[in-house]
Amino acid sequence: MKKCLIVVDYQNDFVSGTLGFPGAKKLDEKISHKIKKYHQNGDDVIFTFDTHGTDYLNTREGHYLPIEHCIKGTEGHELYGKTGKSLRKEDRCFEKNTFGSKELYEYLKGTMYKSMEFVGVVTDICVISNVILAKTAQPEMDILVDSSCVASNDEALNKAALQVMKSMQIQVVTEDTED
């Protein structure tokens, strides 16, 4: 049975763009290395994309976070760096206009994996939202979050989110990505 790596919102706007932060850039090498290992093992890789339109500032999220980001068709919407170059045509991609992906949840409900592993940004918003959806879709599956491959612009919230996930029986690990 295959394993699955889910890369959450590792897009230009969250790394080097309008909502970028230094901790996000540091993840690129580790995430791209992990993607390579999953591909080499014949496992699945899934990407989520935070996706907004030009009306973003008129949305509920835009009201609370009035910073345009991840507008579809812009450079900010694209995957960042080596991680972006790791995308293959057979990888699944899910666009989402909110924190969690309904389409990812529906896909995971009907797809069995040996385990699912999450990496990406932002730990306390989109990562935790999609981890919870995966846990809901597959409550008996091993779900992991590599704490060395997730980040938030607020380290206290990053740590808190990891603690909350641990309390929900998610395996929070720190893996050495070197061979």
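Small disclaimer: the values here were computed from a predicted structure and weren't measured.

### A look at the overall build of the chain
So, point 1. Secondary structure assignment for the chain yields eight helices and six strands.
So, point 2. Counting helices and strands in the order they occur from the N terminus, the chain gives β-α-α-α-β-α-α-β-α-β-α-β-α-β.
So, point 3. Taken over C-alpha atoms, the radius of gyration comes to 15 Å for the chain, in line with the 16 Å a tight globule of 179 residues would show.
So, point 4. Across the 179 residues that make up the chain, the buried fraction comes to 50%.
So, point 5. At a minimum sequence separation of 6, the contacts of the chain that also span at least 24 residues come to 77%.

### Examining the pattern of salt bridges
So, point 1. Counted by the stated rule, this structure contains nine salt bridges.
So, point 2. Note that K96 and D9 form a salt bridge whose closest N and O atoms lie 2.8 Å from each other. Taken as a pair, K96 in strand β3 (residues 92-96) and D9 in the loop between β1 (4-8) and α1 (12-15) lie far apart in primary sequence, 87 residues in all.
So, point 3. Given a relative accessible area of 3%, K96 falls into the buried group.
So, point 4. With a shortest N-O distance of 2.9 Å, E95 and K72 are connected by a salt bridge. Remark: K72 occurs in the loop between α4 (60-64) and α5 (81-85) and E95 occurs in strand β3; sequence separation between them is 23 residues.
So, point 5. The exposure class assigned to K72 is exposed, which follows from its relative accessible area of 51%.
So, point 6. Connected via shared salt-bridge partners are D9, D50 and K96.

### A short note on the sheet that holds strand β4 (residues 115-121)
So, point 1. Strand order in this open sheet of six strands is β3-β2-β1-β4-β5-β6, and the pairing throughout is parallel. The sheet is open, and its two edges are formed by β3 and β6 (171-173), each paired on a single side. The sheet shows a mean angle of 20 degrees between the axes of neighbouring strands, direction not considered.
So, point 2. Sheet topology places β4 next to strand β5 (residues 142-151); six bridges connect them, and they run parallel.

### Some details on the packing of aromatic side chains
So, point 1. Inspection of the entire model under this criterion finds two aromatic pairs.
So, point 2. Aromatic pair Y10 and Y80: ring centres 5.8 Å apart, planes at 85 degrees, arrangement edge-to-face. Taken together, the residues span a long stretch of sequence, with Y10 in the loop between β1 and α1 and Y80 in the loop between α4 and α5 at a distance of 70 residues.
So, point 3. Taking the centre distance of 5.8 Å and the plane angle of 45 degrees together, the rings of F94 and Y107 count as tilted. One end of the pair, F94, is in strand β3; the other, Y107, is in helix α6 (residues 102-109), and 13 residues separate them in sequence.

### Points about the side chain of S101
So, point 1. Note that S101 resides in the loop between β3 and α6.
So, point 2. Residue class for S101 comes out buried when judged on its relative accessible area of 0%.
So, point 3. In this structure the side chain of S101 is engaged in a polar contact, spanning 2.9 Å, whose partner is the backbone nitrogen of L104.
So, point 4. Discounting residues that sit within four places of it in the chain, S101 has contacts with F94, K96, N130 and L133.

How each quantity is defined
- Residues numbered from 1 in each chain as written.
- Predicted model: local features only at pLDDT ≥ 70, side-chain atom pairs only at ≥ 80, totals over all residues.
- Heavy atoms only, no water.
- Helix = DSSP H or I, 4+ residues; strand = E, 2+ residues; numbered from the N terminus.
- Rg over C-alpha atoms; globule rule 2.2 N^0.38 Å.
- Buried < 20%, exposed > 50% of the residue type's maximum accessible area, 1.4 Å probe, protein only.
- Contact = heavy atoms within 4.5 Å.
- Salt bridge = Lys/Arg side-chain N within 4 Å of Asp/Glu carboxyl O.
- Pairing = 2+ DSSP bridges.
- Axes fitted to C-alpha atoms, helices over the stretch in contact; angles between N-to-C directions.
- Phe/Tyr/Trp six-rings, centres within 6.5 Å; stacked < 30°, edge-to-face > 60°.
- Polar contact = N/O pair within 3.5 Å; in protein donor to acceptor, adjacent residues only side chain to side chain.

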